[in-house]
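The lines below spell out each chain.
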Amino acid sequence: MAKDQGSCDALLSSSTCETKTAKTCCECCLLGRAAQERGLSCDLTLAVWYQCGLVSRACCVDRSPNSNGKPAPGQNKQTWKTDFLLCFNGSCACLEGYKLKVDGKTCEDMNECLLGSHQCRGGERCINTLGSYRCQRVISCGTGYELTDNNKCEDIDECETGTHNCAAELECQNTAGSFRCRPRVQCGMGFIQDALGSCIDINECLSVTGPCPSGHMCFNTVGSYTCQRHSVSCGRGYHLNTDGSRCVDIDECAGPDNSCDGHGCINLVGSYRCECRVGFIFNSISRSCEDINECRNYPGRLCAHKCENILGSYKCSCTTGFKLAADGRNCDDLNECESSPCSQECANVYGSYQCYCRRGYQLSDMDGVTCEDIDECALPTGGHICSYRCHNTPGSFHCTCPTTGYTLATNGRSCQDIDECVTGTHSCSESESCFNIQGGNKCLNFDCPANYRRSGDTRCERLPCNQTSECLALPVRITYYHLTFPTKIPIPTNIFRMGPSNSALGDDIEVAIVDGNQGGYFAAKRVENGGVLVVQKPIALPQDFEISLEMKLRRFGHLSVYHFKIRLFVTPDELSHMSE
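Within an unreviewed UniProt entry, the label attached to the protein reads Fibulin-1, and the organism entered is Sinocyclocheilus anshuiensis. Word for word, the UniProt comment on the protein under Sequence similarities (unreviewed entry) is "Belongs to the fibulin family." Under the UniProt heading Function (unreviewed entry), the note attached to the protein is "Incorporated into fibronectin-containing matrix fibers. May play a role in cell adhesion and migration along protein fibers within the extracellular matrix (ECM). Could be important for certain developmental processes and contribute to the supramolecular organization of ECM architecture, in particular to those of basement membranes."

Structure (structure tokens):
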């Protein structure tokens, strides 16, 4: 298994003694193979037991590839390696960190991170590399440190990077994980420098030995001192004793109102020092406790949004749309929608909120929170919402149709004509025929004139003639037609076509309006194989017409006359006029 597969992982399925022994043997063989691949001696210098050393040496000596990766001539066993591939007796395996592809001849990288075979510790992230992997730290190094390329936490030199907040008169000094601000200017002789870089006068007169000779009194001056012969006068911080013979220390801390204004007071020989409360710092020059402006000293570190300095401390506040968290420093988003600021719907967003309206309403431009009804009927496209009349309602609208002759379609917007002839809601008698028009109906009947007989619902045929000229001059057939259309149809429009049922070579056809065209709205025109009735003048008002058309057909020297009685019902175009 070690020679053929280059791995002993298949032996992990059982915990028997035999399996453990086989796995140990397999791993010793892999040890010898690894020594041979690296050009090391097959005689291991490692401290392994005798049997493992024999197995390791046998597996090491057994591998002997030539320069082209194929077995040498005369070899009984076939063993060779190409790149990451190891082959033995026709079986191939890959080096550690690689796996054999399905072709059985090439190796590809094994992603230990996906397979979970890495050994990265908690707080480290596995990153796959060719043939191996590396572990990268994912937990922050903490303030003042940064993560290096070798996954180590290294101190940040704030002084070098310029990320310190030392004042101009102070010098930055880097420390592990932080920095310090030290005075840039050194004090002269007779002064001592405090932690803030301020120069404090040294009272040389308070030294143990005393700078003045015997019989002289020392007086401290700024940066120095003077010696005078003894006189009954005491320096600052001292007063004469009761007998006036010497100066004794003044206890500035004595009494209910000490010099530290409510802070802790420590008396010193010839002076005193204040122990300031939290949020204050002692000024050695003015010898008083001064408030620390935390917001200015630590900008952006104390509060998430706004910081306000107060005496001895500070307080945090938040910008509009946020509220102070329980820790008093961070800010949580304020859900303004809980107070119902919008007239209809409210959506909370980070740091603010947004009002929106239900369908049929729009947000007011005045305040941005009130929802106003949309008058759909008054919109520029309102004329196309309803085919007849639009009525606005709060948040919506509805359409209506003329009170008679129409019904509202299923889409709730269009008006459909009611065919009274089909629904049986007309008032025509049995002798009359019902003809539907837009918004109503007509009851029609006709009688054939003398010398004619009825040959259909709309046709009268001439009776046989006795060959008299008067009879032969009568029309062969009179046909009745019923047409309807609304006012204001396009001009010109062909509304009726006439012609013989069949045509013959040499036919001569004449068409003419013989009656009913008193207003001049219509015209008869000759077309190929017949004629047409044309509306040539706009008809603005609804009205009824009865047009008589005549067609003369001369065929093979014989004249035939045909009459067409056309009843025209021009209806009002109600649906083209919407009412608000």
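In this description, an aromatic ring pair is defined by two values, namely the gap between the centres and the angle between the planes. The final tally for this structure, using the stated rule, is nine aromatic pairs. By way of ring pairs, the aromatic residues Tyr-481, Phe-496 and Phe-564 are connected into one cluster. Sitting over the ring of Phe-446, Arg-454 keeps its end group 4.1 Å from the ring centre. One Lys or Arg, Lys-537, reaches over the ring of Tyr-521 and ends 5.1 Å from the middle of that ring.

In this section: the sheet that holds strand β42 (residues 530-535). Across the sheet, which stays open at both edges, the three strands sit in the order β39-β42-β41 with antiparallel pairing between neighbours. Edge strands, defined here as strands with exactly one partner in the open sheet, are β39 (493-498) and β41 (522-527). Averaged over neighbouring strand pairs, the angle between their axes works out to 30° when direction is ignored. The sheet contact formed by β39 and β42 spans five bridges and is antiparallel. Across the sheet, Arg-497 pairs through a bridge with Val-532, a residue of β42.

Under the counting rule described, the total for this entry stands at 29 disulfides. Put simply, Cys-28 and Cys-52 are joined by a disulfide, and their sulfur atoms are 2.0 Å apart. Because the torsion about its S-S bond is -110°, the bridge between Cys-28 and Cys-52 counts as left-handed. Taken together, the residues span a long stretch of sequence, with Cys-28 in helix α1 (residues 17-37) and Cys-52 in helix α2 (residues 50-62) at a distance of 24 residues. You'll find Cys-28 and Cys-52 in the same group, each marked buried. Residue pairing for Cys-187: its cysteine sulfur links by disulfide to Cys-199, the two sulfurs lying 1.9 Å apart. One quick way to see it: the torsion about the S-S bond of Cys-187 and Cys-199 is about -95°, and its sign makes the bridge left-handed. With Cys-187 in the loop between β11 (178-183) and β12 (191-193) and Cys-199 in strand β13 (residues 199-201), the pair connects residues that are twelve residues apart, well separated along the chain. Left without a disulfide partner, Cys-25 is nearest to the cysteine sulfur of Cys-28, which lies 6.7 Å away.

The sites that carry the UniProt feature "domain: EGF-like" (unreviewed entry) are, in the present numbering, residues 249-290, 333-372 and 373-416. Taken as a whole, residues 333-372 contains 0% helix and 40% strand, while its terminal C-alpha atoms sit 29 Å from one another.

Okay, the sheet that holds strand β44 (residues 558-571) next. Strand order in the open sheet formed by six strands is β36-β37-β38-β44-β43-β40, and the pairing between neighbours is mixed. If you trace the sheet from one side to the other, it starts and ends with β36 (452-454) and β40 (508-515), each paired once. Taking the axes of each pair of neighbouring strands and ignoring which way they run, one obtains an average angle of 25° across the sheet. Sheet analysis places β40 next to strand β43 (residues 543-555), joined by seven bridges and oriented antiparallel. Note that in β43 the partner of Glu-510 across the bridge is Lys-552.

Let us now look at α1. For the α-helix, the turn length of 3.6 residues means that residues three or four positions removed from each other point alike. Helix length check: α1 (21 residues) gives 31 Å between terminal C-alpha atoms against 30 Å at 1.5 Å per residue, within 8%. Of the positions making up α1, those classed as buried are Thr-19, Cys-26, Cys-28, Cys-29, Gly-32, Arg-33 and Ala-35. Taken from the residues just after α1, Gly-39 is the one with a positive phi, measuring 75°.

Bringing the pattern of salt bridges into the picture now. When charged atoms on two side chains of opposite charge get close, those side chains can pair. Taken as a whole and assessed by the stated rule, the structure comprises nine salt bridges. The partner of Glu-275 in a salt bridge is Arg-273, with the nearest N and O atoms 2.5 Å apart. Overall, the relative accessible area of 34% leaves Arg-273 in the partly exposed class. Put simply, Glu-461 and Arg-477 hold a salt bridge, and the shortest N to O gap is 2.9 Å. Placement of Glu-461 in strand β37 (residues 459-462) and of Arg-477 in strand β38 (residues 477-486) is noted, with a sequence separation of 16 residues between them. On the basis of relative accessibility, which here comes to 27%, the residue Arg-477 falls in the partly exposed class.

Looking along the chain, the bond that leaves Ile-491 and enters Pro-492 is cis, with omega of -5°. Along the chain, the position of Pro-492 falls in the loop between β38 and β39. Residue Phe-556 is not a glycine yet carries a positive backbone phi of 55°. Tracing the backbone shows Phe-556 in the loop between β43 and β44.

Summarising the element assignment, Leu-196 is placed in the loop between β12 and β13. Given the relative accessible area of 52%, Leu-196 is considered exposed. On a C-alpha basis, the gap between Leu-196 and Asn-283 in space is 9.3 Å, while along the polypeptide they are 87 residues apart. Not counting residues up to four positions away in its chain, the partners in contact with Leu-196 are Leu-170, Pro-183 and Ile-281.

With that settled, the discussion passes to the environment of Ser-340. Note on placement: Ser-340 falls in the loop between β25 (331-333) and β26 (345-349). For Ser-340, a relative accessible area of 56% gives the class exposed. For the pair formed by Ser-340 and Val-369, sequence separation is 29 residues and the distance between their alpha carbons is 10.0 Å.

Here we come to the pairing of β42. Within β42, six of the six residues are buried, which leaves it mostly tucked inside the rest of the structure. The pairing of β41 with β42 spans six bridges and is antiparallel. Paired with Val-527 across the bridge in β42 is Gly-530. Counted along the chain from β41 to the antiparallel partner β42, the turn is two residues long, and its residue Asn-529 has a positive phi close to 65°.

Another point: the confidence of the model for the protein. Chain-level pLDDT for the protein is 82 on average; 88% of the residues reach the 70-or-more range. For the stretch residues 64-83, pLDDT sits under 50, and the model shows 31 contacts to residues farther than four places along the chain or on other chains.

The next point concerns the pairing of strand β20 (residues 280-283). In the case of a regular strand, side chains alternate between the two sheet surfaces. Of the strand pairs in this sheet, β20 and strand β21 (residues 288-291) are connected by four bridges, and their pairing is antiparallel. Residue pairing in the sheet places Ile-281 in a bridge with Glu-290 of β21. Adjacent in sequence and paired antiparallel, β20 and β21 are bridged by four residues, among which Arg-287 carries a positive phi angle near 55°.

Calculation rules
Residues numbered from 1 in each chain as written. Predicted model: local features only at pLDDT ≥ 70, side-chain atom pairs only at ≥ 80, totals over all residues. Heavy atoms only, no water. UniProt positions renumbered as here; feature names shortened; annotations may be inferred. Phe/Tyr/Trp six-rings, centres within 6.5 Å; stacked < 30°, edge-to-face > 60°. Lys NZ or Arg CZ within 6 Å of the ring centre and 35° of its normal. Pairing = 2+ DSSP bridges. Helix = DSSP H or I, 4+ residues; strand = E, 2+ residues; numbered from the N terminus. Axes fitted to C-alpha atoms, helices over the stretch in contact; angles between N-to-C directions. Disulfide = S-S within 2.5 Å. Buried < 20%, exposed > 50% of the residue type's maximum accessible area, 1.4 Å probe, protein only. Expected span 1.5 Å × (residues − 1). Salt bridge = Lys/Arg side-chain N within 4 Å of Asp/Glu carboxyl O. Contact = heavy atoms within 4.5 Å. pLDDT = per-residue confidence, 0-100.

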